There are 2 protein chains.
Amino acid sequence: MTRRGYRQYCATARTLDLVGERWTLLIVRELLTGPKRFKDLGDNLPGIGTGLLAERLKHLEAAGIAHRTRLPPPAGTPVYELTGAGRELEPAVLALARWGRRWAMGDRDEQDAFHPGWAVLGMQAAFDPAAAAGFAATYEFRVGDTTFHARVAGGAVESRMGPAQHPDAVLEADEETFAGLANGRLRMRDAVRDGRARAHGDRAALTKLRSLFPAVVTESRQ
Amino acid sequence: MTRRGYRQYCATARTLDLVGERWTLLIVRELLTGPKRFKDLGDNLPGIGTGLLAERLKHLEAAGIAHRTRLPPPAGTPVYELTGAGRELEPAVLALARWGRRWAMGDRDEQDAFHPGWAVLGMQAAFDPAAAAGFAATYEFRVGDTTFHARVAGGAVESRMGPAQHPDAVLEADEETFAGLANGRLRMRDAVRDGRARAHGDRAALTKLRSLFPAVVTESRQ
DNA sequence: CGGCATCCATTTTGATACTG
DNA sequence: CAGTATCAAAATGGATGCCG
């Protein structure tokens, strides 16, 4: 009856006691890009099953990582949203993503699902603060009918779903191409040159884009 | 038969496919402080059972994260050791530890195990690069009959089990005290003032120590 | 010690049907 | 849509025995 735990007085183990079970960190990943409805969470986590999803959400609430609330009127739809503690899991999730970009991203399998929301985090994981020093710009990304944007400033990046207010540049690509970009298999410049991605807007911002979110693929010359 | 996976083309999910199962990241944590024997791994992971530990180690080998080798002669004991890919999991493990120090470290429960090796990572998670800028020193820590050290230089820290070559300062404390320091529940200065920890060595290095590894506990003044 | 094999009691999970 | 209820299929924990 009592939840299974590692029973170790260790910060890593305690964290895993709270978010280390199957699906939990992926739910956090979903919520990192904004509040979501029960159904949307389920749709982005194929295979989880409503029962387990409900259980995990209850647990995250009990742990103070997420909470159930309602979107402001007139929508009023019930959604789940991260708390402050939950948002602070972002560095850990990004660290895992960074490792995955480097070591776990073979080609995409037919079976593998892909949702543009994941690309948002993929881009954040790819972000190179050094390249962003002393630079500021806002980018908008369009993938099929999904849009998100990234605001670069002060050597940091902030990404969100939805369109940007005044984007300096816009990048447009199909899902497959974007998956490659976000997961480090494809270089921005190659995608644009091949016409798989279309870019427009401020020329300096577009040039900078390539170094802000470097791909992982071997530094093939040229 | 086929391993269970999330089947998502997402860097976070792929990483969790490889290291997200129960015990796996704790095995990585153990190996981050150096190669270990099968038995020592088991001893530091109470409850895992030899079968599951063997299965996890095989999986980590297959994934290229760890490998089985032998200590150089004359010891020759078989040990498990991280590969390059495995060592690169350190940022992710430390990020989880950092979150845990902040949000998951209630008091230690009677039931909770504690091993000094965990403190090594706890200290690394606590490390504040900003405070270390332009500073260099080597510290040795003694907990019961266990010794480890941290070398601070170039705004970074490197910790290892075992004594330091030429420590600038030495900190000595019992296990309970050290657990509190590593997990952020106890401030260095308080532990020293109370006599729960004994420090000696270079005075400047000792003073700096307090800011290099700040505690998490509320900034209660004085 | 290093590890695999086996048996068994519990937990977790996955899939689906069902209710407000 | 949100979430509960239910049941079968894994995964895990613990004990124990074995063999190099």
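This section reports on the structure supplied with the text. (Residues numbered from 1 in each chain as written. Chains lettered and ligands numbered in written order. Predicted model: local features only at pLDDT ≥ 70, side-chain atom pairs only at ≥ 80, totals over all residues. Heavy atoms only, no water.)

1. A word on the relation of the copies chain A and chain B
Which entries qualify depends on this criterion: Residues below a pLDDT of 70 in either copy are left out; the C-alpha atoms of the rest, at least 70 in both, set the least-squares superposition of the copies.
With an RMSD of 0.1 Å, the operation that places chain A on chain B is a rotation of 180° combined with a shift of 0.0 Å along the axis. Here the two chains are linked by the operation of a two-fold rotation axis. Proximity to the rotation axis, assessed at the C-alpha, singles out alanine 92 of chain A in chain A; its C-alpha lies 2.8 Å from the axis.

2. Some details on the interface of chain A and chain B
Our working rule: Contact definition: two residues touch when any of their heavy atoms are within 4.5 Å. Simply put, the buried area is the total loss of 1.4 Å probe accessible area from both parts when two parts are fitted together. The definition of a polar contact used here is a pair of N or O atoms within 3.5 Å, where within protein one atom must be able to donate a hydrogen and the other to accept one, and adjacent residues in sequence count solely through side-chain atom pairs. Secondary structure elements follow DSSP: runs of H or I of four or more residues count as helices, runs of E of two or more count as strands, with numbering from the N terminus. The nonpolar class holds Ala, Val, Leu, Ile, Met, Phe, Trp, Tyr, Cys and Pro. Asp, Glu, Lys and Arg form the charged class, and all remaining residues, Gly among them, are polar.
Between chain A and chain B, the contact holds 52 residues from the first and 52 residues from the second. When chain A packs against chain B, close to 4800 Å² is buried across both sides, 63% of that on carbon and sulfur atoms. The largest share of the area that chain A buries against chain B comes from Tyr6, Tyr9 and Trp99 of chain A, three residues that together contribute 19% of it. Across the chain A-chain B interface, the total number found is 24 residue pairs in polar contact (both at pLDDT 80 or more). Of all the secondary-structure elements, those providing two or more residues to the side of chain A that touches chain B are α1 (11-19), α2 (24-32) and α6 (90-103) of chain A. A per-element tally of the side of chain A that touches chain B places α6 of chain A first, with eleven residues. Here the side of chain A that touches chain B is composed, by residue class, of 29 nonpolar, ten polar and 13 charged.

3. Observations regarding the protein's contact with DNA strand D
Just so we agree on the cut-off: What makes a residue near a molecule or strand is one non-hydrogen atom of that residue sitting within 4 Å of it.
DNA strand D sits among 16 residues. The nearest are Lys39, Thr50 and Arg68 of chain A together with Arg22 and Arg56 of chain B. The sugar-phosphate backbone supplies 86% of the atoms of DNA strand D found within 4 Å of the protein. At a separation of 3.2 Å, a sugar or linking oxygen of DNA strand D approaches a polar side-chain atom of arginine 4 of chain A. Contact between DNA strand D and threonine 50 of chain A: a base oxygen at 2.6 Å from a side-chain N or O atom of the residue.

4. A few points about the protein's contact with DNA strand C
Taken together, 18 residues lie around DNA strand C, and Arg56 of chain A together with Arg4, Ala54, Lys58 and Arg68 of chain B are the ones closest in. For DNA strand C, the fraction of protein-proximal atoms (within 4 Å) that sit in sugar or phosphate groups is 92%. Within the side chain of arginine 22 of chain A, a nitrogen or oxygen atom sits 2.9 Å from a phosphate oxygen of DNA strand C. Tryptophan 23 of chain A is positioned with one of its side-chain polar atoms (N or O) 3.3 Å from a phosphate oxygen of DNA strand C. Looking at the surface near DNA strand C residue by residue, the classes come out as seven nonpolar, three polar and eight charged.

5. Description of the packing of helix α6 (residues 90-103) of chain B against helix α7 (residues 116-126) of chain B
All names here are of chain B. Quick note on the threshold: Angles here are taken between N-to-C directions and fall from 0 to 180 degrees, while the axes themselves are lines fitted to C-alpha atoms, restricted in helices to the stretch in contact. The scheme is simple: roughly parallel for angles under 35 degrees, roughly antiparallel for over 145, roughly perpendicular for 65 to 115, oblique for anything else.
Across the interface, α6 lies against α7 with an axial gap of 9 Å and an inter-helix angle of 85°. By the angle between their directions, the pair α6 and α7 is classed as roughly perpendicular. Within the contact between the two elements, α6 uses Glu90, Val93, Leu94, Ala97, Arg98 and Arg101 and α7 uses Leu121, Gly122, Gln124, Ala125 and Ala126. Looking at the contact of α6 with α7, its residues break down into six nonpolar, two polar and three charged.

6. What about the sheet that holds strand β7 (residues 197-201) of chain A?
Residue and element names in this part refer to chain A. Selection criterion: At least two bridges found by DSSP between two strands is the condition for calling them paired.
As summarised here, the arrangement of the five strands in space is β5-β4-β3-β6-β7, forming an open sheet in which the pairing is mixed. What marks the edges here is a single partner per strand, and that holds for β5 (156-161) and β7. Strand-to-strand twist across the sheet, computed as the mean angle between neighbouring axes with direction ignored, equals 20°. Where strand β4 (residues 146-153) and β5 come together, six bridges link them in antiparallel fashion. Across the sheet, alanine 153 pairs through a bridge with alanine 156, a residue of β5. Relative to strand β6 (residues 169-173), helix α9 (residues 175-182) is tilted by about 115°, and along the sheet it contacts β3 (137-143), β4 and β6. In the packing of helix α11 (residues 203-212) onto the sheet, the strands contacted are β3, β4, β6 and β7, and the crossing angle to β3 comes to about 75°.

7. Here we look at the side chain of arginine 29 of chain B
Here arginine 29 of chain B is to be found in helix α2 (residues 24-32). Not counting residues within four places of it along the chain, the set of residues in contact with arginine 29 of chain B comprises Gln8, Cys10, Thr12 and Ala13 of chain A together with Asn44, Leu45, Trp118 and Leu121 of chain B.

Nothing here speaks to function; it is geometry throughout.
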